[in-house]
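The lines below spell out each chain.
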Amino acid sequence: MILKALYDYYHRSGDNVAPLGLEYKEIGFIIVIDKDGNLCRIEDNPVKKLVAKTNGRTGTKSLPNHLWDNFSYVLGISNATIHINDEGLKPEKEAEYKKEIAKNVRNHSAFLEYINDLCSQYPYDEDLKAVANFYISNKDVLSLLQKADNWDNIKKNFTKNISFLIQGETQIIAEKESVLSYYKTDEGKTDFSRICVCLVTGEKCQPVKTFTKIQLGKFSDTKLVSFQKNQGYDSYGKEQGNNAPMSKSAEFAIAAALKKLIDYNSHNKFTVGLRTYAFWASRKNEVNMQIEESVYSLFGWEEKDNPDSKLENITQIFKSLYNGNKPIQTDDKFYILGMFAANKARIAISYWNETTVKEFAGKLLLHFEDMEIITSGDKRPNYCSLYAILKAVSLKENIKENCPPSLPDAVVKSIFQGLPYPVSLFQACVCRIRAKQSVNIVHAAIIKAYLNRLNDNNNNKKLDIMLDKDNQNQGYLCGRLFAVMENLQYAANKQDTIRSSYLNAASSTPSAVFPTILKLSNSHYSKLAKDKKGLANFFDDQKKEIIALIQDFPNTLNLSDQGRFFLGYYHQKCHRDNKEAEE
């Protein structure tokens, strides 16, 4: 199902995805030469280029790419080249560098041999002649690079890709149509004993042995489909790709589609911690493109971005879709794929969801509704964002290092499928409130959303966006009362020490703490009444109103009611009457 959806996306995308045998690669450096092969300069402006597909390298065999590659292949140098003669180099490091230099020699020799073979096959190609002359004229490449103005940048990026450009032209040699026509893959003869039915297209084919390597996170050699040879993963004697037969064209389309979706600049992905989520619609049209861009705006933003202004527009787009104001085809599908690099060789699928576009819009609107909460400020923060939700419950607000690995998938599943939010999210939220001894808008939104989706058998009243004076849950009332007494203390002393001293205890064991806080509030009332009698009476009336609804301060509050305590506290702090009284 996943493979077929990716295959369809490749064909949906048209010219935006690389054709068969090609791929978009970032070329970090460009060697600019004239038509005689003389060096003009070395440019270091990274840019995506459509070049011949990367050769699959296995073992120690050096397989150069078609007129582009890393420094080891193109110029025969790497970090070891410049560090081998460092003073004080440890013996084990010296041995490692010598091994790397020997590898550079093999790689560069393979690249030169490939260039010479091309020149012999196509002797009239001026571009190939220029590249060959460059190597003839420049034997000491390292000295050449060290004289370049941008040497400091070059020596830090030997792993980047590098290619050639003829002075005065705009296309690098590796992307020229004439040069690309020289590229031929070594497919070998058809092995009729291996003819199978492609599991993606249903056509007969000779299946590919291995899946294309894909860059995911910090790993560059991960594969979406792989079978470890001779390790118990061979089914009925079938090895590698024969276990899941795919034609070359289908495999290429799937890999190219996935590469495009998770590309660095893609607006069809968002990343949270170690998880990467790709999303796309089954059909390319104006409405579906708006959906994809809206999902990216909501979930794909980083901390430096400002998504607040977009939230209202995103909400209106999904409302129009769900209400039928925007034309959508009923069979349009929306896909979400969650992945992470389990190790340097394999991609692990952590989440997959396929739904109709309309159903997806409805689930997003439900999430917006559940997370909607009153704000104490003038701005409306993007509390609906997955990034904002996970940041609010992570230690030191560091998602990458401190967010539980399974939590992003659980929250995504809740949002995109309309399921109850995970209890682990709620527990983490309460823990962070206790640690910080404060409740922000995201914490309050999480508590409201979790409890309202929870199948609560205690008949607790559904929580509102703002202060609900009809809610008589004892935890909610205790939270409101605590907020009133904190406001009273601050109005009297310009301090809120009861929050740092008693908030955590009041939220878990109210009966043990509130008698003490009530005594303190009487002192705060007396002090405030001397200068601001009206304001003191305002807070006192609020206090009496809430106490009248509390039967007896509970000995303990369970976790759900602790959440209601913090939400009642937040609602009371944001209540407009407080603002007007202070003004």
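Note that the structure is a prediction, hence the values are computed from the model and not measured.

With respect to the overall build of the protein
Okay, step 1: Per the secondary structure count, the protein includes 23 helices and 14 strands.
Okay, step 2: Per-residue burial over the protein gives 49% buried out of 583 residues.
Okay, step 3: When contacts within the protein are restricted to residue pairs at least 6 apart in sequence, long-range pairs at least 24 apart make up 68% of them.
Okay, step 4: Counting every atom, the protein has about 29,000 Å² of accessible surface; 48% of that belongs to carbon and sulfur.

Brief notes about the environment of aspartate 69
Okay, step 1: Checked against the element boundaries, aspartate 69 lands in strand β5 (residues 68-70).
Okay, step 2: Aspartate 69 sits in the buried class, given a relative accessible area of 1%.
Okay, step 3: Sequence separation of aspartate 69 and threonine 159 is 90 residues, and the distance between their C-alpha atoms is 9.3 Å.

Points about the packing of aromatic side chains
Okay, step 1: Applying the stated criterion to the full structure yields 26 aromatic pairs.
Okay, step 2: Taken together, a centroid distance of 5.4 Å and an interplanar angle of 35° make the contact between tryptophan 280 and tyrosine 335 tilted. One end of the pair, tryptophan 280, is in strand β12 (residues 275-281); the other, tyrosine 335, is in strand β13 (residues 333-341), with 55 residues separating them in the sequence.
Okay, step 3: The class for tyrosine 335 is buried, based on a relative accessible area of 9%.
Okay, step 4: Ring centres of phenylalanine 565 and phenylalanine 566 lie 5.5 Å apart, and the angle between their planes is 90°; on these two criteria the pair is classed as edge-to-face. Summarising the burial analysis for this pair, phenylalanine 565 and phenylalanine 566 share the class buried.

A closer look at the sheet that holds strand β2 (residues 29-33)
Okay, step 1: Spatially, the four strands line up as an open sheet ordered β3-β2-β6-β5, and their pairing is mixed. The open sheet has two edge strands, β3 (39-43) and β5, and neither has a second partner. In this sheet, adjacent strand axes meet at a mean angle of 25° when their direction is disregarded.
Okay, step 2: Bridge analysis of β2 against strand β6 (residues 161-166) gives five bridges, and the strand direction is parallel. Paired with isoleucine 30 across the strands is serine 163, a residue of β6.
Okay, step 3: In the packing of helix α5 (residues 126-137) onto the sheet, contacts are made with β2, β3 and β6, and the angle to β6 comes to roughly 115°.

Let's talk about helix α4 (residues 91-121)
Okay, step 1: With 31 residues, α4 should reach 45 Å at 1.5 Å per residue; the first-to-last C-alpha distance of 45 Å fits that figure.
Okay, step 2: Those residues of α4 lying buried are Tyr97, Asn104, Asn107, His108, Ala110, Phe111, Ile115, Leu118 and Cys119.
Okay, step 3: Residues of α4 that are buried sit in contact with β5, α2 (71-74), α3 (79-83), α5 and β6.

Quick notes on the confidence of the model for the protein
Okay, step 1: Taken as a whole, the protein shows an average pLDDT of 84; of its residues, 89% reach a score of 70 or greater.
Okay, step 2: Mean pLDDT per element in the protein: helix α23 (residues 576-582) is the minimum at 54, and β6 is the maximum at 95.

Examining the pairing of β3
Okay, step 1: The sheet contact formed by β2 and β3 spans four bridges and is antiparallel. In the sheet register, isoleucine 33 faces β3, and the bridge partner there is leucine 39.
Okay, step 2: Linking β2 back to β3 in an antiparallel pair, the connection comprises five residues, with glycine 37 at a positive phi of about 90°.

Overview of the nonpolar core
Okay, step 1: Residues Phe318 and Phe416 are the most contacted members of the largest nonpolar core, which totals 83 residues.
Okay, step 2: The element contributing the most residues to this core is helix α17 (residues 441-453), with nine residues.
Okay, step 3: Aside from chain neighbours lying at most four places away, what touches phenylalanine 416 is Phe270, Phe299, Ile336, Tyr351, Asn353, Phe360, Lys363 and Leu364.
Okay, step 4: If you look at the next biggest cluster of nonpolar residues, it comprises 40 residues, including Leu118, Ala130, Val141 and Ile154.

Considering the packing of helix α12 (residues 357-371) against α17
Okay, step 1: For the pair α12 and α17, the least separation of the axes is 8 Å and the interaxial angle reads 115°. On α17, the residues that touch Leu366, His367, Glu369, Asp370 and Met371 of α12 are Ala445, Ile446, Lys448, Ala449 and Arg453.
Okay, step 2: For the contact of α12 with α17, the class distribution of residues is five nonpolar, one polar and four charged.

About the criteria used
- Residues numbered from 1 in each chain as written.
- Predicted model: local features only at pLDDT ≥ 70, side-chain atom pairs only at ≥ 80, totals over all residues.
- Heavy atoms only, no water.
- Helix = DSSP H or I, 4+ residues; strand = E, 2+ residues; numbered from the N terminus.
- Buried < 20%, exposed > 50% of the residue type's maximum accessible area, 1.4 Å probe, protein only.
- Contact = heavy atoms within 4.5 Å.
- Areas by Shrake-Rupley, 256 points an atom, 1.4 Å probe, with all protein chains shown as cover.
- Phe/Tyr/Trp six-rings, centres within 6.5 Å; stacked < 30°, edge-to-face > 60°.
- Pairing = 2+ DSSP bridges.
- Axes fitted to C-alpha atoms, helices over the stretch in contact; angles between N-to-C directions.
- Expected span 1.5 Å × (residues − 1).
- pLDDT = per-residue confidence, 0-100.
- Core = buried A, V, L, I, M, F, W, Y, C linked by side-chain atoms within 4.5 Å.
- Nonpolar A, V, L, I, M, F, W, Y, C, P; charged D, E, K, R; others polar.

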